[in-house]
Amino acid sequence: MVLIILFLILFSFSSAEEYGYQVYKQYCASCHIEKTKETTDNLSLKAPPVNVLVRQIKYYYRTRDKFTEYLIDYLREPTSEKSICKPCIFRWGIMPPVKDITDEEIQSVGLWMFKNFR
C-alpha cells in the first residue's frame, strides 16, 4: 500500500513537470529559450533564457513554493521593482503582463523550471 502511494506521488510530480514543460512551450518558448548553447546568437535573443532566470530567482527564492509565488506575482504584474534581474531589464526591458495563463499553469511552469535548472 505504501509503495502504491509513493508511486502515485512520484507520478503526479512527473506529470506536473511534463505539463509545466508543455505550458512553457505554449506560452513562454517564443521569447525565452531554455538555455544558450555555444552556437546561440546571443544578440538575437528576445528575452533572457530560462536557465538564467532560474539562477537569478533561486538566488532570492530558494524553496519551490517561494519560487512559484514570486513567478506568479511577477508574471501577473511585472515591474522593475519586483525584478531580480536588473541587467535583464536593461537589455530587454520589462516584459508585458501575462494574462492568458492561469496561476495553476504558471505554478506548473515554475515546478518544471525549479526542478530542471540550477
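Per chain, residue numbering runs from 1 following the sequence as it is written. Where local features are concerned, this predicted model is filtered to residues with pLDDT of at least 70; where side-chain atom pairs are given and counted, the filter is 80 or more; whole-chain, interface and lining totals use all residues. Only hydrogens and water are set aside; all other atoms, that is, all heavy atoms of the structure, feed into the side-chain values.

1. Quick look at the state of the cysteines
Right, so step 1: The disulfide definition used here is simple: a pair of cysteine sulfur atoms within 2.5 Å. By the definition in use, this model includes one disulfide.
Right, so step 2: Across the disulfide from Cys85 sits Cys88; the S-S distance is 2.2 Å. Linking Cys85 and Cys88, the disulfide has an S-S dihedral of approximately 55° and is accordingly described as right-handed. Assigned by exposure class, Cys85 and Cys88 land together as buried.
Right, so step 3: Cys31 provides the cysteine sulfur closest to Cys28, a residue in no disulfide bond, and the two sulfurs are 8.9 Å apart.
Right, so step 4: Relative accessibility decides the category of a residue: with a 1.4 Å probe and only protein chains considered, values under 20% of the type maximum give buried, values over 50% give exposed, and everything between is partly exposed. The exposure class of Cys31 is partly exposed, given its relative accessible area of 36%.

2. Quick look at the confidence of the model for the protein chain
For any part of a model where pLDDT is low, the fine detail of the predicted coordinates should not be relied upon.
Right, so step 1: When pLDDT is averaged along the protein chain, the result is 87; 88% of the residues meet or exceed 70.
Right, so step 2: Across residues 6–11, confidence stays below pLDDT 50; counting only partners more than four residues off in sequence or on other chains, it has zero contacts. By definition, pLDDT measures how confident the predictor is in each residue, and it falls between 0 and 100. Contact between two residues is taken to exist if any of their heavy atoms lie within 4.5 Å; hydrogens are not considered.

3. Details of the pattern of salt bridges
Right, so step 1: The working definition used for a salt bridge is a side-chain nitrogen of Lys or Arg within 4 Å of a carboxyl oxygen of Asp or Glu. Here the structure, examined in full by the defined rule, presents four salt bridges.
Right, so step 2: Two residues, Asp103 and Arg76, come together in a salt bridge whose shortest N-O distance is 2.9 Å. With Asp103 in helix 5 (residues 103–116) and Arg76 in helix 3 (residues 64–76), this pair connects stretches of sequence that are 27 residues apart.
Right, so step 3: Residue Arg76 is classed as partly exposed on the basis of its relative accessible area of 23%. Note on conventions: DSSP H or I runs of at least 4 residues are helices, E runs of at least 2 residues are strands, and numbering of each starts at the N terminus.

4. Side note on the packing of aromatic side chains
Right, so step 1: A pair of Phe, Tyr and Trp rings is counted when the ring centres sit within 6.5 Å of each other, with Trp represented by its six-membered ring. The angle between the planes then sorts it: under 30 degrees is stacked, over 60 is edge-to-face, the rest tilted. For the structure shown, the criterion picks out eight aromatic pairs.
Right, so step 2: Ring centres of Tyr59 and Tyr60 lie 5.1 Å apart, and the angle between their planes is 85°; this geometry places the pair in the edge-to-face category.
Right, so step 3: Residue Tyr59 is classed as exposed on the basis of its relative accessible area of 53%.
Right, so step 4: We call a charge positioned over a ring when the NZ of a Lys or the CZ of an Arg lies within 6 Å of the ring centre and within 35 degrees of the ring normal. One Lys or Arg, Lys58, reaches over the ring of Phe114 and ends 4.4 Å from the middle of that ring.
Right, so step 5: Across from the ring centre of Tyr59, 5.7 Å away, lies the NZ or CZ of Arg62, which sits over that ring.

5. Some thoughts on the environment of Ser83
Right, so step 1: By the secondary structure assignment, Ser83 is in the loop between helix 3 and helix 4 (86–92).
Right, so step 2: C-alpha separation for the pair Ser83 and Ile57, spaced 26 residues apart in sequence, amounts to 9.2 Å.
Right, so step 3: With residues up to four places along the chain from it excluded, the contact list for Ser83 reads Tyr70, Tyr74 and Ile89.
Right, so step 4: The definition of a polar contact used here is a pair of N or O atoms within 3.5 Å, where within protein one atom must be able to donate a hydrogen and the other to accept one, and adjacent residues in sequence count solely through side-chain atom pairs. Within polar-contact distance, the side chain of Ser83 engages the backbone nitrogen of Cys85 at 3.1 Å.

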